[in-house]
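Report on the structure
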Amino acid sequence: MSSTGRISERIASIAESATLAVDAKAKALKAAGRPVIGFGAGEPDFPTPDYIVDAAVDAARQPRFHRYSPAGGLPELKKAIAAKTLRDSGYAVEPAQVLVTNGGKQAVYESFATLLDPGDEVLVPTPYWTTYPEAIRLAGGVPVEVFAGPEQGYLVSVEQLEAARMERTKVLLFVSPSNPTGAVYPPEQVAEIGRWAAEHGLWVVTDEIYEHLTYDGVPFTSIATAAPELGDKVIVLNGVAKTYAMTGWRVGWMIAAPDVIKAATNLQSHLSSNVSNVSQMAALAAVSGPLTAVDEMKQAFDRRRKAMVSALNSIDGVECPMPEGAFYAYADVRGLLGREFPGKNGPVRPQTSAELAALILDTVEVAVVPGEAFGPSGYLRLSYALGDEDLAVGMERLQDFLGKGR
């Protein structure tokens, strides 16, 4: 709560985005001339493909895109998103079931704001992306963490979910592939979790933004198609940011039953109106076009994934499962906590992963995100969506520094 009363309790209670905070600090140090390696933000290091940029340039020259457009999205983009969803997920929806949002984050918030009344509970598989619990709280809901550690591949079980389900439980948040862990649920487990949610009348909000980033032949499975029993009590969240290297363009969407979309569109009409028309036309080119760009990125991500996990697991006290999706490694560093490391002003014994991450940035200028941003302490998230050379240098610094822990 704000001590001065100047800031509302609701807003003062929100934690800032830890991933963006780490990324901002790393970029500030870099701007000051420091050789910082940033493993913080989940942002592909590739440029947006040329044909998408060309579509945006063309749109910017058309006066009709200089004006307001429908708050829920350009009709041609909504139609293309529906077609893309059928192509990639096998999930048939109408354009009226699509709401185009200012990035995936807006879709996350609007989904919870549309579903939740004060005190409604949302089951949140943990480790979770840092924005989920804050969006739930902003919408008046209560996030309920369900933790799955590395020993179970960071995958929650139906038994754990059932143990956490209470009278006020209304929604299950489901994310596969996962940010921050890179875990991917196998098809049979997706179906089992979906059936369980349907049996108990729960809504499922599923974030599918990493759908195209899986490795080693591991399939992506949409819970909307794996568990048809859910009917219209499922909301699919997605966007162009990760698949097409378009993080800065800010185009996401939510797909839901027409009454949910109508209500969420009403909210957006007051909150932000339409998404930038130029960005929407770029997104139209992206979702209507080929997946060759993401296939090329995946080859680089796969190479970096293996290099990073191998380097992490070579450090005494670190354990890191091989992620099957997204572009993150989630390292268990509980074995390092309490060890003595050389600090700039003498020996330091970090007791938490937040203290360890701060020490790493301060001492060897490598930015990582501590587990506290995603749930319990004792873990570090590292993104491998950065250049091969930076990754190699950063991992060498980490191996050298963390290897000095005694």
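Refer to the structure presented above.
First things first, this report covers the structure right here in the doc. This is a predicted model, so every value here is computed, not measured.

What follows concerns the environment of Phe327. Among the secondary structure elements, Phe327 is positioned in the loop between helix H12 (292-313) and strand S9 (328-332). Its relative accessible area of 0% is what places Phe327 among the buried residues. Sequence separation of Phe327 and Tyr128 is 199 residues, and the distance between their C-alpha atoms is 15 Å. Those residues in contact with Phe327, other than ones at most four positions away along the chain, are Gly42, Glu43, Pro44, Tyr210, Leu213, Tyr215, Lys242, Phe301, Leu382, Ser383, Tyr384 and Ala385.

Looking at where Lys78 falls in the secondary structure, it is placed in helix H4 (residues 75-89). Leaving out residues up to four positions away in the same chain, Lys78 has contacts with Gly72, Gly73, Pro95, Val98 and Val100.

A separate point is the packing of helix H13 (residues 353-364) against helix H14 (residues 388-402). Where H13 contacts H14, the axes come no closer than 11 Å and their chain directions differ by 110 degrees. Compared by their axis directions, H13 and H14 come out roughly perpendicular. Pair H13 / H14 crosses with right-handed handedness. Residues Leu356, Leu359, Ile360, Thr363 and Val364 of H13 lie in contact with H14, whose contacting residues are Arg397, Leu398, Phe401 and Leu402. Class assignment for the residues of the contact of H13 with H14 results in seven nonpolar, one polar and one charged.

With that settled, the discussion passes to helix H11 (residues 277-288). The first and last C-alpha atoms of H11 sit 16 Å apart over twelve residues, in line with the 16 Å expected at 1.5 Å per residue. The buried count for H11 comes to ten of twelve residues, which makes it a mostly enclosed element. Those residues of H11 lying buried are Asn277, Ser279, Gln280, Met281, Ala282, Ala283, Leu284, Ala285, Ala286 and Val287.

Next up on the list: the sheet that holds strand S13 (residues 369-370). Ordered by their spatial adjacency, three strands build an open sheet running S9-S14-S13, and the pairing between neighbours is antiparallel. Lying at the two open borders of the sheet, with one neighbouring strand each, are S9 and S13. Across five bridges, S9 lies against strand S14 (residues 379-383) in antiparallel orientation. Bridge pairing in S14 links Asp332 to Tyr379.

About the criteria used
Residues numbered from 1 in each chain as written. Predicted model: local features only at pLDDT ≥ 70, side-chain atom pairs only at ≥ 80, totals over all residues. Heavy atoms only, no water. Helix = DSSP H or I, 4+ residues; strand = E, 2+ residues; numbered from the N terminus. Buried < 20%, exposed > 50% of the residue type's maximum accessible area, 1.4 Å probe, protein only. Contact = heavy atoms within 4.5 Å. Axes fitted to C-alpha atoms, helices over the stretch in contact; angles between N-to-C directions. Parallel < 35°, antiparallel > 145°, perpendicular 65-115°, else oblique. Left-handed = near helix turned anticlockwise from the far one by under 90°. Nonpolar A, V, L, I, M, F, W, Y, C, P; charged D, E, K, R; others polar. Expected span 1.5 Å × (residues − 1). Pairing = 2+ DSSP bridges.

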